[in-house]
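Analysis of the macromolecular model
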Amino acid sequence: MSSRDVVLARVRRALAEVPRDGGPGGAGAGAPPLVRDYRRVHGARTTAETVELLAENLAEYRASVHRSDAAGLPALIGRLLAERGARRVVVPRGLEPGWLAEVRAEVVEDRAEQTARELDAVDSVVTGCAVAIAETGTLVLDAGPDQGRRRITLVPDHHVCVVRVPGQVVGSVPEALPRLVPGRPLTWISGPSATSDIELDRVEGVHGPRTLEVVLVEAAGAGGAGGG
Amino acid sequence: MTGTYLGMPAFPRAAAGSTRDARLRANLTHATHTIRDKRARAVAELDDWAQLRAAGAAVKDRTLLRLDRYLEQLEAAVVAAGGRVHWAADAAEANRIVTELVRETGEREVVKVKSMATQEIGLNEALEQAGIRAYETDLAELIVQLGEDLPSHILVPAIHRNRAEIRDIFRREMGRWGRPAPEGLSDAPAELAEAARLHLREKFLAAKVGISGANFMVAETGTLVVVESEGNGRMCLTLPETLISVVGIEKVVPTWQDLEIFLQLLPRSSTAERMNPYTSTWTGTVDGDGPRTFHLVLLDNGRTDTLADSVGRQALRCIRCSACLNVCPVYERAGGHAYGSPYPGPIGAILTPQLRGLAGPLEESLPYASSLCGACYEVCPVAIDIPEVLVHLRERVVEGGPGVRRGARVVLKPAKGHAAERAAMRAAAWAFDHPGVLRRGMRLAARTRGLHPRRLPGPGRAWSQDRDLPVVPPESFRDWWRRTRGGSSGQPSRGEGDAG
């Protein structure tokens, strides 16, 4: 008997007294009903307020938040990288080329052959995102064309992430999951990496990018608050 | 479980030592009180916490009662996504499987994400015997590993170490295993974190094999989820060519949508954050992104035995948040090591005796390592009634009864001789030395008067046959005294903060 059979047989024996009624949801008769009466989103907000909450929560977990309209985005990205002193910047292949128009640093494309050591010699990374969650201050990356392989947002120490507002912003975790594809590798990012392992004192910056800069960019024509 | 903590004394004896360690107690008190208050604030932000908690418990219960079905569904989904699935009935088998998988790669070093399951099975020791060095990459696990120490908290395994001790360990040990600590390293947490970043970066960049656990596995999609803070998890999950995940079979949840419950419950209960810094999800393998080979090792190791107990099985809902440790007056004073397993605190007191069986003095004493104050149940995000299971296990220790060991039905004998009584009396003696613990226990006794039996169960039955058991008064003497000695206020001054 394989270990698979052993374990499954043990499970079935352990549950021998549980009626196998296969009712809705397929749980045994002894199971409590699953009632999803928790909130889809906490509180009522306008779209603008949801974006504002995202900005607040990102900032509270020590991400730097910048705002821009579409026209001002290239200049803002160029400025953020220059202020950082970045000499080499890695970008996913599907990033909007216009975003990099004012980047003075050397731009390296995300490639399958790139080694982790090569990435370690890169200063910054610029990506888009798939979804941003206002209530938790979370950016979700799904390895899409403007986000690239997971490692490019991990090894460099400085991450500039562009969020299209309000289109990519959802209120809550329950609103985010249906917009994500489980088969894609996802990375949920809430602030720069951190640890509380030393006396439960929060320290920002361990292994992932220690500086996370988020640019909330208004869709073209929607107007914006300008850089900064 | 294996011998990670082999030879640990029973809880009262271990606690008697650790409670006299003033530094340990000071570290623990500071840390647990800090996180306790933060957690309360994070939870209070969500006005539907009670509904989320009930839904979390219901999802877990419903899954456990059809666990075979969901495991088969999970296996099929992982395989369809390009992963390989292995089944391990016990720790030894899991260790054999992982060792063999690492050998097949030809590598002698692996990087590890913090994982309770691999601590439980003693994987690092097993790999070491096979000549494979496992590098722990979570900061606290690194501190524990470099200090040749044992973890003492689920979330913060080095909670018993303060910053000065950590600096000393880094200065002394880092150079033995790789990049030494920077010259003049101070005990500032930011500098210590920087030292760990530099030391471990070399390991990550060179790593060919990563080993992880998982917080959740989604049956319908075959997706695994790892929740973390530091980014060491992302490093281990994405940079190596081969990824091996060792996961307890109780970690499965049926649907992708179910994550909306647990990704709200876990971070707020655990680190008291709205969301932890990094969560990674992956489904099998992806061309050109992350490991080319993915192995999932599904671990039983006593879980099916636990599942067979209709009262005790609720322990399998546990999502390893550690909120119950942080509020426990016994944990705060005894520390994690006294529990003799990787699962300390209230959850450990019900999990360890069930996973291992009531196999010896340590396991028999753990159900007594509690004042039954109920704070653990209050904070548990999946509503595990830990006091109920503790009482149930105490009954098993004293009376014996039916149980399941390694899948076989057994009849447990009452704890040998007067061992049970001795265990209980030692625990009582310890509680009398710790007035806060005693006070809470007495209050609980008073509040649960309606449930007290008129006859003792088990060996006490003959004694109580012709005698009435003394009735527990509605209020303990201590509470009565606290209430009346001032004369002015009729209100007992109780609250969660008065554990001392």
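Chain B has the name Iron-sulfur cluster-binding protein in an unreviewed UniProt entry, where Streptomyces nigrescens is given as its organism.

In the annotation of an unreviewed UniProt entry, chain A is listed under the name LUD domain-containing protein and assigned to Streptomyces nigrescens.

Details of the packing of helix α9 (residues 163–177) of chain B against helix α10 (residues 189–206) of chain B
Residue and element names in this part refer to chain B. In contact at an axis separation of 10 Å, α9 and α10 are set at 25° when each is read in the N-to-C sense. One finds that α9 runs roughly parallel with respect to α10. The handedness of the crossing between α9 and α10 comes out as left-handed. Residues Arg163, Ile166, Arg167, Phe170 and Met174 of α9 pack against Pro189, Leu192, Ala195 and His199 of α10.

Side note on the domain arrangement of chain B
Residue and element names in this part refer to chain B. Here chain B is described as being made up of domain 1 (49–299) and domain 2 (322–451). Counting residues at the interface gives 19 residues for domain 1, matched by twelve residues for domain 2. For the side of domain 1 that touches domain 2, the elements supplying multiple residues, two or more each, are α3 (49–64), α6 (116–120) and α12 (259–270). Here the residues of the side of domain 1 that touches domain 2 are counted per class, giving nine nonpolar, seven polar and three charged.

A word on the interface of chain B and chain A
Taken together, the contact between chain B and chain A spans 78 residues of the former and 68 residues of the latter. Across the side of chain B that touches chain A, the residue classes break down as 41 nonpolar, 22 polar and 15 charged. Both strand β9 (residues 186–189) of chain A and strand β9 (residues 278–283) of chain B contribute to a ladder of four bridges, which runs antiparallel. Residue A:Trp188 lies in a different strand from β9(B), and its bridge partner there is B:Thr279.

Focus: the nonpolar core
Within the largest apolar cluster, 210 residues are counted, with the highest numbers of intra-cluster contacts made by A:Val163, B:Val246, B:Leu299 and B:Cys324. If you tally residues by element for this core, the top one is α3(B), at seven residues.

Regarding the sheet that holds β9(B)
One open sheet accounts for eight strands, arranged β8(A)-β5(A)-β6(A)-β9(A)-β9(B)-β6(B)-β5(B)-β8(B); its pairing is mixed. The strands lining the two open edges of the sheet, one partner per strand, are β8 (169–170) of chain A together with β8 (252–253) of chain B. Of the pairings in the sheet, the one linking strand β5 (residues 131–133) of chain A to β8(A) comprises two bridges and is parallel in character. Bridging across to β8(A), A:Ala132 finds its partner in A:Val169. Across the sheet, α12(B) lies against β5 (216–218), β6 (223–228), β8 and β9 of chain B, angled at about 170° from β5(B), the strand it touches most.

Considering the UniProt feature "domain: LUD" (unreviewed entry) in chain A
Per the UniProt record, "domain: LUD" (unreviewed entry) is annotated on residues 100–217 of chain A. Secondary structure within residues 100–217 of chain A divides into 8% helix and 34% strand; the distance between the first and last C-alpha atoms comes to 14 Å.

Thoughts on unusual backbone geometry
Between A:Val165 and A:Pro166 the backbone carries a cis peptide bond, its omega angle lying at 0°. The residue B:Arg406 is not glycine, and still its phi comes out positive at about 50°. Inspection of the secondary structure assignment puts B:Arg406 in the loop between β11 (401–405) and β12 (408–412).

Quick word on the sheet that holds strand β1 (residues 64–69) of chain A
Residue and element names in this part refer to chain A. One open sheet holds the six strands; their spatial order is β1-β12-β7-β4-β2-β3, and the pairing between them is parallel. Only two strands of the sheet have a single partner each, and these edge strands are β1 and β3 (106–109). Between one strand axis and the next, the sheet turns by 25° as a mean value, whatever way the strands run. Note: β1 against strand β12 (residues 211–218), six bridges, orientation parallel. Opposite Ser68, over in β12, you have Val217 as the bridge partner. Sheet contacts for helix α3 (residues 73–84): β1, β2 (88–91), β4 (124–127), β7 (158–165) and β12; angle to β12, the most-contacted strand, approximately 170°.

Cut-offs applied
Residues numbered from 1 in each chain as written. Chains lettered and ligands numbered in written order. Predicted model: local features only at pLDDT ≥ 70, side-chain atom pairs only at ≥ 80, totals over all residues. Axes fitted to C-alpha atoms, helices over the stretch in contact; angles between N-to-C directions. Helix = DSSP H or I, 4+ residues; strand = E, 2+ residues; numbered from the N terminus. Parallel < 35°, antiparallel > 145°, perpendicular 65-115°, else oblique. Left-handed = near helix turned anticlockwise from the far one by under 90°. Contact = placed C-beta atoms within 7 Å. Domains from an automatic or database assignment. Nonpolar A, V, L, I, M, F, W, Y, C, P; charged D, E, K, R; others polar. Pairing = 2+ DSSP bridges. Core = buried A, V, L, I, M, F, W, Y, C linked by C-beta atoms within 7 Å. Buried ≥ 20, exposed ≤ 12 C-beta atoms within 10 Å, placed from the backbone. UniProt positions renumbered as here; feature names shortened; annotations may be inferred.

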